Amino acid sequence: MASVSTLPRRAAGVRPPGSRLPRAAQVVLWVRWPTQFMASCQRRFGDIFTVNLPVDGPIVNLAHPDLIKTVFTGDSDVLHAGEANAILEPVLGRHSVLLLDGQEHLRQRRLMLPPFHGERMQGYAGIMETVTRETVAGWPRNRVFALRRSMQAITLEVIIRAVFGVDVSDEVTALRDLITDMLAVANSPLMLLPWLRHELGGHSPWGRFVQRNARVNEAIYALIAARRRDPRLAERSDILALLLQARDEQGNQLSDVELRDELMTLLLAGHETTATSLAWCFDLLLHHPDALRRLEHELERGETAWLDAVIRETMRVRPVILAVARRLTAPFEIAGYHLPPGTVVAPNIWLTHHRDDIYPDPDAFRPERFLEQAPEPYGWLPFGGGIRRCLGASFAIFEMRTVIPTVLRQVRLRPASPELERVRREAVTFVPARGTRVIATNR
Ligand code: HEM
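What comes next is a walk through the structure. (Residues numbered from 1 in each chain as written. Predicted model: local features only at pLDDT ≥ 70, side-chain atom pairs only at ≥ 80, totals over all residues. Heavy atoms only, no water.)

Between helix α12 (residues 256-286) and helix α16 (residues 393-410), the least distance of the axes is 10 Å, while the angle of their chain directions is 45°. As judged from the angle between their axes, α12 and α16 are oblique. Seen along the crossing, α12 lies across α16 with a hand that is right-handed. Facing Thr274, Ser277, Leu278, Cys281 and Phe282 of α12, the residues of α16 in contact are Ala396, Glu399, Met400, Val403, Ile404, Val407 and Leu408. Split by residue class, the contact of α12 with α16 holds nine nonpolar, two polar and one charged. (Axes fitted to C-alpha atoms, helices over the stretch in contact; angles between N-to-C directions. Helix = DSSP H or I, 4+ residues; strand = E, 2+ residues; numbered from the N terminus. Parallel < 35°, antiparallel > 145°, perpendicular 65-115°, else oblique. Left-handed = near helix turned anticlockwise from the far one by under 90°. Contact = heavy atoms within 4.5 Å. Nonpolar A, V, L, I, M, F, W, Y, C, P; charged D, E, K, R; others polar.)

Moving on: the coordination of the iron atom of the ligand. Put simply, the ideal angle at a metal is 109.5 degrees for four donors in tetrahedral geometry and 90 or 180 degrees for six donors in octahedral geometry. Of the protein atoms, Cys390 (SG) alone serves as a donor to the iron atom of the ligand, at 2.2 Å. Within the secondary structure, Cys390 sits in the loop between α15 (349-353) and α16. (Donors = N, O, S within 2.8 Å, 3.2 Å for Na, K, Ca; no water.)

With that settled, the discussion passes to the environment of Thr173. Relative to the elements of secondary structure, Thr173 occurs in helix α9 (residues 170-186). In this structure the C-alpha to C-alpha distance between Thr173 and Asn213, which are 40 residues apart in sequence, comes to 16 Å.

Size it by volume and the second largest pocket reaches roughly 460 Å³. Those elements that place two or more of their residues in the lining of the second largest pocket are α8 (147-164), α9, α12 and β10 (423-426). Here the residues of the lining of the second largest pocket sort into seven nonpolar, five polar and eight charged. (1 Å grid on protein atoms, 1.4 Å probe; cavity = no way out; pocket = protein on both sides within 12 Å on 5 of 7 lines; lining within 4 Å. Points joined across faces, edges and corners; volume = space filled by probe spheres on them.)

Now for the sheet that holds strand β2 (residues 57-62). Within the open sheet, the five strands sit side by side as β1-β2-β8-β5-β3. Their pairing is mixed. Every interior strand has two partners, whereas the edge strands, β1 (48-53) and β3 (79-80), have only one. Sheet topology note: the β2/strand β8 (residues 344-347) ladder contains four bridges and is parallel. When the sheet's bridge partners are listed, Asn61 is paired in β8 with Ala346. Contacts between helix α1 (residues 23-32) and the sheet are confined to β1 and β2, with β1 contributing the most and set at about 105° to the helix. Contacting β1, β2, β3, β5 (326-328) and β8, helix α3 (residues 65-72) crosses the sheet at an angle of about 125° to β8. (Pairing = 2+ DSSP bridges.)

Before going further, it helps to examine the environment of Val438. By the element assignment, Val438 lies in strand β12 (residues 437-442). It is 35 Å that separates the C-alpha atoms of Val438 and Ile220, two residues lying 218 residues apart in sequence.

A separate point is unusual backbone geometry. In this structure, Asn142 takes a positive phi of about 60° despite not being glycine. Positionally, Asn142 belongs in the loop between α7 (122-137) and β4 (144-146). The class for Asn142 is exposed, based on a relative accessible area of 58%. The phi torsion at Asp361 lies on the positive side, around 55°, for a residue other than glycine. (Buried < 20%, exposed > 50% of the residue type's maximum accessible area, 1.4 Å probe, protein only.)

Attention now moves to the pattern of salt bridges. A complete count under the given rule lists 29 salt bridges for this structure. Residues Asp230 and Arg236 are paired through a salt bridge, measuring 3.4 Å at the closest nitrogen-oxygen approach. Residue classification places Arg236 among the buried positions, given a relative accessible area of 17%. The shortest N-O distance in the salt bridge between Asp261 and Arg260 comes to 2.8 Å. Relative accessible area serves as the criterion here: at 3%, Asp261 is assigned to the buried category. What makes Arg260 buried here is its relative accessible area of 4%. One continuous salt-bridge network, built from bridges that share partners, spans Glu134, Glu157, Arg161, Arg176 and Asp177. (Salt bridge = Lys/Arg side-chain N within 4 Å of Asp/Glu carboxyl O.)

Right under this line is the structure:
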């Protein structure tokens, strides 16, 4: 791989090069044609370049594993992820682990880790299988439908049952409907622009979002209060019960507001991303019949090496999140540049995953890349990295390993179109433009 470590030192204040287009034009390209825009910047300016956006200011993109390692292993007091994620605050709340930095972030992260340890995953297998089987049974047969929406229904139901327990009450069912309703308005890329956030009595997209968010909050607070009163709390194994009993080093518990923000974070961070990855996985498999046949064959024989390779390759070639971000609280040197505080540095997942020196023929779907070789630590980063690496990574991979075989055992799928889907931005995730349209037939 080409090295970037020998770059010359530059004078303070010199920013990595980038497009000279006005910021308004850059934001349009960033929102509308993100992968093409980023790839053209990398071609023109190299593995470190600046994009200028009206909301975040200059974003320094990094597209080389050595540069990304510098950020993921750098001082987390200088590289603030929480601040860089501030745009998510209206939905997740300011106590969300995604929005915190420093000691507060470490405290919340430690409190939240236990339910996501690898060894707990087996406990979620039953929920994942049942929900998938029930959902697939309801799919139409012999006519086109969008798989991603259905994957969203599966992953939302799974995370809801994992968080609130399998004894799903009417209140939990109502919460699921409220969240679906809220996401329908929250997912417009326009929601990312603070200056469009006017309520207009509930008639603007922002106003509709605020109303729905308030209903979701009410439902979550009611569930927290009920669970706190549950005399059998200590016997329960759902995530809410574990979080209610968790204590930090000083013996303090999470407050109700903190709990609401963390539950919301788990529900939202935990389902759309996984559903989208599943939708991409099926899109890629259905357009690569040899890979699909091999998967079916190996699963029949109880082997999972190809399944794991398929999942890794899906997350490489179609990462759901294209970049992660850290805002600098102090001057920071990288690749010879001295970046001032306030700058956002962004390990660029998409560009790194499409480097031809790590992944020859990078646009091709080739699971065999990962059959004999584990992913390179800073060259495969669908879950970000460092102390901010996705808390639900094991959960997500376990869910994909469970849902894909469960679907394939029940139905035969074929793509509705001979073309792979295009990548489209939806708020912060990158989704198949037409939702992975498929046709299912009985096995
Ligand atoms: C395919 C599915 C998923 C993808 C692609 C994904 C991706 C990511 C990424 C890129 C980050 C930011 C990491 C960084 O800044 O370096 C993140 C953070 C996070 N994710 Fe996920 N995620 C997925 C599933 C999940 C699930 C299932 C959960 C929980 C149930 C979850 C909970 C979180 C949380 C709590 C954080 C914040 C971690 C922190 O700031 O310390 N994610 N995820």
